[in-house]
Amino acid sequence: MAQKNSTNVYQFILMGLSTNKNMQMLLAAVFIMIYISTLAANLLIIIVIRINLHLRTPMYFLLSNLSLLDLCTSSVTVPRMLVGLLLGRKTISFRGCFTQLFFFISFTCAEIFLLSVMSYDRYVAICQPLHYFVTMNKRFCTQLAIYSWSGGYLYSLFHTLLASRLSFCSSNVINHFFCDLPPLFNISCTDIFINILMVFITGGLLGLFSLLVAFTSYSYIISSVLQIRSTEGKYRAFSTCGSHLSVVIIFYGTLTFMYLRNTSSYELEKDRVVSIIYAVITPLLNPLIYSLRNRDIKTALKKAL
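Residues numbered from 1 in each chain as written. Predicted model: local features only at pLDDT ≥ 70, side-chain atom pairs only at ≥ 80, totals over all residues. Heavy atoms only, no water.

> Even after reading the chapter, I still don't get the overall build of the protein chain, so can you show me in this structure?
If you tally the helices and strands in the protein chain, you get ten helices and three strands. The secondary structure elements of the protein chain, listed N-terminal to C-terminal, are β-α-α-β-α-α-α-β-α-α-α-α-α. Radius of gyration (C-alpha) of the protein chain: 21 Å, near the 19 Å computed for a compact globule of 305 residues. Taken over the C-alpha atoms alone, the protein chain extends approximately 65 × 40 × 30 Å along its principal axes. Counting all 305 residues of the protein chain, 50% fall into the buried class. Taking the contacts inside the protein chain whose residues are at least 6 apart along the sequence as the reference set, 79% of them involve residues at least 24 apart. Accessible surface, the protein chain as shown: approximately 15,200 Å² in total, 66% of it carbon and sulfur. The protein chain carries 23 positive and 10 negative side-chain charges, and their two centres are separated by 8 Å. (Helix = DSSP H or I, 4+ residues; strand = E, 2+ residues; numbered from the N terminus. Rg over C-alpha atoms; globule rule 2.2 N^0.38 Å. Buried < 20%, exposed > 50% of the residue type's maximum accessible area, 1.4 Å probe, protein only. Contact = heavy atoms within 4.5 Å. Areas by Shrake-Rupley, 256 points an atom, 1.4 Å probe, with all protein chains shown as cover. Lys, Arg positive; Asp, Glu negative; His and termini not counted. Charge placed at Lys NZ, Arg CZ, Asp CG, Glu CD.)

Set out below in structure tokens:
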């Protein structure tokens, strides 16, 4: 790819989150704690679901896949960012940048698919409980998980190959803390119309389909919850649905803000803050909201400990 670029760009410089050394140390300490917490929470959920026979159900199988995706997403961006903050190593090779780009997009896209699958799983469990284990059987759940991961890889491969045709002649400085499409578009001296068009078309269709599945599922769930006579039952159901919907809205909202807008509206300072939400914070929030608030998970954790 480097040979195809006539500008001979062999490496990029990631500016990171701050150039102030004192601020860098503070940020490093914060993100080390966030990263360790993310790894611990997600690994704990995967292990507990794996060793507990009572948790080998479709819902927990999908939750373990979500935890694995969160673990991978965080590991693609945070360690490299910490190297820059602690050691001052801001350079990244051309191939390393596009490798990071590929895996980040693939894991993020796979999570979009998986969140839709999980919302459908909850719809079947609450609205069609008698058919749940027939509809969400082991084979079907495995296929849905495979489709989510595969869809993420294919989507990412398409955009990574499109981005690899770009040339970088005016600058190789990426004003961001990891390699992502908008910052690369910002420093490219090649016409990025096709890239932007494909992001809008494929990303728009993907986001619209996923949101439609998620919100349709939760609409039916809320409708069923309203028929529950118990006030306590309604409260618990709405609390669960509300927390799940908040994750979906934050995740989709930040991604939409980053990718589905005109390049002329890029504001690098704000973009970095938004990127932190879906690349660093969300992988920590997901296990807390989807798993650690779950009664079965709590019971299994107490037994394991």
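> Which parts of the structure should I look at to understand the sheet that holds strand β1 (residues 11–14)?
The strands that make up a sheet pair up through hydrogen bonds in the backbone, lying either parallel or antiparallel. Strand order across the open sheet formed by three strands is β2-β1-β3, with mixed pairing between neighbours. Two strands in the sheet have a free side with no partner beyond their single neighbour: β2 (91–93) and β3 (173–174). Sheet topology note: the β1/β3 ladder contains two bridges and is parallel. Within the sheet, the bridge partner assigned to L14 lies in β3 and is I174. The strands touched by helix α3 (residues 94–127) within the sheet are β1, β2 and β3, with β2 carrying the most contacts at an inclination of about 85°. (Pairing = 2+ DSSP bridges. Axes fitted to C-alpha atoms, helices over the stretch in contact; angles between N-to-C directions.)

> When you look at a nonpolar patch on the surface in this model, what are you seeing that I'm missing?
Taken together, the side chains of M25, I32, I36, L86 and L87 present a nonpolar region at the surface, about 460 Å² in accessible area. Sorting the residues of the nonpolar patch by element identifies α1 (21–51) and α2 (58–87) as the ones contributing at least two each. Take the nonpolar patch: its biggest share by element is three residues, from α1. Secondary-structure assignment places M25 in helix α1. (Patch = residues over 30% accessible without salt bridge, like charges linked within 9 Å, V, L, I, M, F, W, Y side chains within 5 Å. Salt bridge = Lys/Arg side-chain N within 4 Å of Asp/Glu carboxyl O.)

> Would you mind showing me how to read the side chain of N65 here?
Considering the arrangement of structural elements, one finds N65 in helix α2. N65 sits in the buried class, given a relative accessible area of 11%. Apart from residues no more than four positions distant in its own chain, N65 is found in contact with L114, A145 and W149.

> How should I be thinking about the pairing of β1 in this particular structure?
Remember that side chains alternate between the two faces of the sheet whenever the strand is regular. On β1, burial follows the alternation: F12 and L14 on one face are buried, whereas Q11 and I13 on the facing-out side are not. Summarising the sheet, β1 and β2 pair through three bridges and their orientation is antiparallel. Counterpart to F12 in the pairing with β2 is I92.

> For this particular structure, what's the right way to read the state of the cysteines?
Working definition: the covalent bond between the sulfur atoms of two cysteines is a disulfide. Taken as a whole, this structure holds two disulfides when the rule is applied. Covalent S-S linkage joins C97 and C179, the inter-sulfur distance amounting to 2.0 Å. Where C97 bonds to C179 through sulfur, the torsion about that S-S bond is close to -120°, and the disulfide is left-handed. Residue C97 is located in helix α3, and its partner C179 is located in the loop between β3 and α6 (181–187); the two are separated by 82 residues in the primary sequence. Each sulfur in the disulfide pair C169 and C189 lies 2.0 Å from the other. Taken as a pair, C169 in the loop between α5 (138–163) and β3 and C189 in the loop between α6 and α7 (193–225) lie far apart in primary sequence, 20 residues in all. If one numbers only the bonded cysteines of the protein chain, in the order they occur, the disulfide pattern is 1-3, 2-4. For C109, which is in no disulfide, the shortest distance to another cysteine sulfur is to C72 and amounts to 15 Å. (Disulfide = S-S within 2.5 Å.)

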